[in-house]
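Residue-level listing of the chains:
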Amino acid sequence: RPRACPPRSRRPATCPSSDRAARPPDRAAGVAPPLPSALVRALNARSSIDSVEYNPAQLADAEEALQLARECGDIAGAVDATIWRVLHLHGRGDSLSATTTAHQAFEDALSGDTPPWAYYVAHLAADGLLNAGRWQECRDVVRSALAARCGGIPGAAVRLCAARYALGTGDVAEARQHWER
């Protein structure tokens with residue numbers, strides 16, 4: 001399948017870890033190289049296409065987008081790439097890696113200006129932790145995410161996981177409370 005984005009060796013010099021920083025551009029004069037965030041968005045878009053079945057190339061796109069976003073400090077791009085990476089890892093049947101990826105990405109997102117979809121990543125992490133029987137870690141992620149009072153789909157996903165956690169601990173009243181919110 002043809003690559004729409006340049007490989008790592010052709011990344012623009014604006015990215016801090018670019019290996020092209022010391023070389024002159026190989027583009028026509030006056031044409032700016034694509035911004036790293038544009039490459040991240042392109043890789044994320046390509047990773048998300050027809051993601052119903054596991055596709056190693058799409059997982060590779062998500063992984064490259066995640067790495068590039070982290071290198072360039074693009075928190076929102078890293079969150080988007082994490083969502084697609086986690087979904088592809090689940091599609092591959094690797095729930096442990098999916099959970100670890102989501103958990104680490106949520107922690108990373110909290111260190112900066114946290115985008116709303118980081119709380120969807122929190123849901124992915126907490127859900128995986130809950131399924132793995134790692135109750136205390138699940139509780140910590142859920143509490144951290146609930147404290148942000150995020151709305152929309154990400155907030156609803158966190159509430160759903162909080163309700164599942166409460167049911168698992170036998171606290172039906174708390175589960176109902178989360179469900180109703």
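Every value quoted in this text rests on a predicted model; they were computed, and no experiment measured them.

Reading the values: rules and limits
- Residues numbered from 1 in each chain as written.
- Predicted model: local features only at pLDDT ≥ 70, side-chain atom pairs only at ≥ 80, totals over all residues.
- Heavy atoms only, no water.
- Helix = DSSP H or I, 4+ residues; strand = E, 2+ residues; numbered from the N terminus.
- Expected span 1.5 Å × (residues − 1).
- Buried < 20%, exposed > 50% of the residue type's maximum accessible area, 1.4 Å probe, protein only.
- Contact = heavy atoms within 4.5 Å.
- pLDDT = per-residue confidence, 0-100.
- Salt bridge = Lys/Arg side-chain N within 4 Å of Asp/Glu carboxyl O.
- Axes fitted to C-alpha atoms, helices over the stretch in contact; angles between N-to-C directions.
- Parallel < 35°, antiparallel > 145°, perpendicular 65-115°, else oblique.
- Left-handed = near helix turned anticlockwise from the far one by under 90°.
- Nonpolar A, V, L, I, M, F, W, Y, C, P; charged D, E, K, R; others polar.
- Disulfide = S-S within 2.5 Å.

For helix 4 (residues 95-110), which comprises 16 residues, the first-to-last C-alpha distance of 23 Å matches the rise-based estimate of 22 Å (1.5 Å per residue) to within 8%. Among all positions of helix 4, only Ala98, Thr99, Thr101, Ala102, His103, Ala105, Phe106 and Ala109 are buried. At its buried positions, helix 4 is contacted by helix 2 (56-72), helix 3 (75-92), helix 5 (118-131) and helix 6 (135-147).

So, on to the confidence of the model for the chain. The pLDDT averaged across the chain works out to 76; a share of 72% of its residues lies at or above 70. No element of the chain has a lower mean pLDDT than helix 1 (residues 36-48), which averages 67, and none a higher one than helix 5, which averages 90. pLDDT under 50 marks residues 1-27. Its contacts with residues more than four places away, or in other chains, come to 53 contacts.

Our focus in this paragraph is the pattern of salt bridges. Going through the model one piece at a time under the given rule, you end up with 5 salt bridges. Across the salt bridge formed by Arg85 and Glu63, the nearest N and O atoms sit 3.2 Å from each other. Of this pair, Arg85 sits in helix 3 while Glu63 sits in helix 2, and the two are 22 residues apart along the sequence. By relative accessible area, which is 18% here, Arg85 ends up buried.

Where helix 6 contacts helix 7 (residues 152-168), the two axes come as close as 10 Å, and the packing angle between them is 140°. Judged by the angle between their axes, helix 6 and helix 7 are oblique. In this structure, helix 6 crosses over helix 7, and the sense of that crossing is left-handed. Where helix 6 abuts helix 7, its residues Trp135, Cys138, Arg139, Val142, Ala145 and Leu146 lie against Val158, Arg159, Cys161, Ala162, Tyr165 and Gly168. Looking at side-chain class alone, the contact of helix 6 with helix 7 contains 9 nonpolar, 1 polar and 2 charged residues.

Covalent bonding between the sulfur atoms of two cysteines is what defines a disulfide. Summed over all chains, the structure comprises 0 disulfides. Here Cys161 is not cross-linked by a disulfide; its sulfur's nearest cysteine counterpart is in Cys138, at 4.5 Å.

Once that is clear, we can look at the environment of Asp113. Along the chain, Asp113 turns up in the loop between helix 4 and helix 5. The exposed category is assigned to Asp113, whose relative accessible area is 72%.

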